Amino acid sequence: MGRYLIPLGIFVVLVGFLAVGLNLNPREVPSPLIDKPAPAFSVSQLHQADKTIARDDLKGKVWLLNVWASWCVSCRQEHPVLVDLAKSGAVPIYGLNYKDQREAGLKWLAEHGNPYVISAFDHDGRVGIDYGVYGVPETFLIDKAGVIRYKHIGPVTPDALKDIILPKVKELNAAS
Amino acid sequence: MLRPDFSANSLRRFMVALATMFLVASWSVWAGEAAPASDDPALEKRVTALSELLRCLVCQNQTIADSHADLAIDLKNQIREKLRAGESEKQIIDYMVARYGDFVLYKPPVKAATVILWVGPFVLLLGGIGFLMMKVRGRIRQAREGEVLTEAERERAAALLEEDQIEKGTTR
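Residues numbered from 1 in each chain as written. Chains lettered and ligands numbered in written order. Predicted model: local features only at pLDDT ≥ 70, side-chain atom pairs only at ≥ 80, totals over all residues.

(A) Geometry of the overall build of chain A. Across its full length, chain A holds 5 helices and 7 strands. Counting from the amino terminus, chain A carries its helices and strands in the arrangement α-β-β-β-α-β-α-β-α-β-β-α. (Helix = DSSP H or I, 4+ residues; strand = E, 2+ residues; numbered from the N terminus.)

Structural data, given as C-alpha cells:
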C-alpha cells in the first residue's frame, strides 16, 4: 500500500502544477509600465492631421488610452463595449490608432462609431513601442498625474469593465 | 445513398489543392520578408547579435532575429537606429526591458523571482541522484544479508535441485 503513496503524491503535485499552468494565459505579459509615468508622446490627430495630441494635454484627468487599428480583428469585438462606455461618460477614452492608414482608420470609425474623444495617429508604431504594445487591442488606464495604473491586454469585455476598470476609475477619480 | 467520396482520385485532387494553398501562402509570407537593411555589415552584425537576445512578443518562442512579425521588424529597425546613434548594447536592452519587461529577454536574468528557473533543474538532478544512491545502497545491503540462507531455505533449494535432476534423467 505504502509503495503507491509516493507516485500518487507526485501525480497529485504534477496535476496541481498543470492545472495552474493551463489557467495562465501566456499571451498576457505583465507590463513593467504599471505605476510608472505614461511615456510621453506628441503625434498628429487622426481626424485633424494638422493638430497634435500629446500626453501632457491630458494631465489632470483620469483617462483610458485604447490602442486600436482598422486591421485589428479583435478590435471589432470590443468596439461596441467602448462605444457604450463613451456614451455612459464614465471615463474619457482616447484612441491610439496604431500602425494604420489614415483613411482606413477614419472609415472604420465612421462605420463602427467613434467612442474616442480624440484618436492619436501612430502611423509608424513608435508610440506603441514606447507603451510596450505587442498585440492590439490594449487599453491603459492613466491617472490624473499621468501614471499608468492598469493595462488590459486584448479586447475589453463588459465583465472586465464592470469588475476591474470602472472600480479603478472611481478610485482614481476620488483620489486628489 | 449519400456517402463521402473517398476515392483515390478525389483524394489526389484534394492533396493538390492543399499543396497549392500552402505554396501560395508560404510564397506570400516570403515575399513580405525583405526588411530594410543597411549596407554596413558591421552594424548589421551587431543588430543581429542583439536581436538574438530579445524575444518576439507576438510569436513568443522566437527571437526577434528569427521572427518576421511586424513588431519584430519594427524593433529590429529601432535597434539599428539606436546603434547608429551610438547607443550601447546595454542601453538598448534596458530600453526594451523598460517597455516589455524581463519577458523580452530570451535568457532571463537571475533574480529572486527567477531563481527557481535557474536552480530548479540542478536541485531535481541532485535529488534524483541522492534517491538513486539510497536505493542502490539498500539493494546492496539486502543482497549481502541474503547470502546467508536459513536451514529451511537450504533444504528447499536442495529438494528443487534434486527434482530437476530426476526430471532430466527421465526424459533422457
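(B) Local environment of helix H3 (residues 70–84) of chain B. Residues and elements named next belong to chain B. Between its first and last C-alpha, H3 extends 21 Å over 15 residues, near the 21 Å set by a 1.5 Å rise per residue. Among the residues making up H3, those that are buried are Leu71, Ala72, Leu75, Lys76, Ile79, Arg80 and Leu83. Buried residues belonging to H3 abut helix H2 (41–51) and helix H4 (89–100). Gly86 occupies a position one or two residues after H3 and carries a positive phi of about 95°. (Expected span 1.5 Å × (residues − 1). Buried ≥ 20, exposed ≤ 12 C-beta atoms within 10 Å, placed from the backbone. Contact = placed C-beta atoms within 7 Å.)

(C) The arrangement of the interface of chain A and chain B in detail. Counting residues at the interface gives 12 residues for chain A, matched by 13 residues for chain B. Tallied by class, residues from the side of chain A that touches chain B come to 6 nonpolar, 4 polar and 2 charged. (Nonpolar A, V, L, I, M, F, W, Y, C, P; charged D, E, K, R; others polar.)

(D) Molecular detail of the sheet that holds strand S5 (residues 119–122) of chain A. Residue and element names in this part refer to chain A. Spatially, the 5 strands line up as an open sheet ordered S5-S4-S3-S6-S7, and their pairing is mixed. With partners counted over all chains shown, the strands left at the sheet margins are S5 and strand S7 (148–153), one partner each. Direction aside, the axes of adjacent strands within the sheet are offset by 20° on average. Where strand S3 (residues 63–68) meets strand S4 (residues 93–98), 5 bridges bridge the pair, whose relative direction is parallel. Directly across from Val67, in S4, lies its bridge partner Leu96. Strands in contact with helix H5 (residues 158–174) are strand S6 (138–142) and S7; relative to S7, the strand with the most contacts, it is inclined by about 165°. (Pairing = 2+ DSSP bridges. Axes fitted to C-alpha atoms, helices over the stretch in contact; angles between N-to-C directions.)

(E) Spotlight on the pairing of S4(A). Residue and element names in this part refer to chain A. When you tally the buried positions in S4, you get 6 out of 6 residues, the bulk of the element. The alternating pattern of S4 places Ile93, Gly95 and Asn97 on one face and Tyr94, Leu96 and Tyr98 on the opposite face, and all of these are buried. Crossover S3 to S4 through helix H2 (residues 73–88) is right-handed. The sheet contact formed by S4 and S5 spans 4 bridges and is parallel. Bridging across to S5, Asn97 finds its partner in Phe121. Since S4 and S5 lie parallel, the crossover through helix H3 (residues 102–112) that links them has a hand, and here it is right-handed. (Right-handed = clockwise from strand over helix to strand, strands pointing away.)

(F) Quick peek at H4(B). Across its 12 residues, H4(B) extends 16 Å between first and last C-alpha, which sits within 8% of the 16 Å expected from 1.5 Å per residue. Within H4(B), burial applies to B:Ile92, B:Met96, B:Arg99 and B:Tyr100. End-on, the buried residues of H4(B) take up no more than an arc of 80°, which puts them together on one face. Looking at H4(B), the residues exposed on the side facing more than 90 degrees away from the buried face are B:Lys90, B:Gln91 and B:Asp94. On its buried side, H4(B) packs onto helix H4 (126–130) of chain A together with H2 and H3 of chain B. In the segment just after H4(B), B:Gly101 is the residue with positive phi, at about 85°. (Arc of directions from axis to C-beta.)

(G) The nonpolar core, seen in detail. Counting residues in hydrophobic clusters, the biggest one holds 53 residues, and the most contacted among them are A:Leu64, A:Val136 and A:Phe140. Beyond its immediate stretch of four places on either side in the chain, A:Phe140 contacts A:Ala38, A:Leu64, A:Leu65, A:Tyr131, A:Ile148 and A:Lys151. (Core = buried A, V, L, I, M, F, W, Y, C linked by C-beta atoms within 7 Å.)

(H) Seen up close, the packing of H2(B) against H3(B). Residue and element names in this part refer to chain B. Their axes nearest at 10 Å, the elements H2 and H3 cross at an angle of 130°. One element, H2, and the other, H3, form an angle in the oblique class. Taken as a pair, H2 and H3 cross one another with a handedness that is right-handed. Contacts from Leu43, Arg46, Val47, Leu50 and Ser51 of H2 reach H3 at Lys76, Ile79, Arg80, Leu83 and Arg84. (Parallel < 35°, antiparallel > 145°, perpendicular 65-115°, else oblique. Left-handed = near helix turned anticlockwise from the far one by under 90°.)

(I) Geometry of the environment of B:Leu53. Following the sequence through the fold, B:Leu53 ends up in the loop between H2 and H3. Once you skip the residues sitting within four places of it in the chain, B:Leu53 turns out to touch B:Ile93, B:Leu105, B:Tyr106 and B:Lys107.

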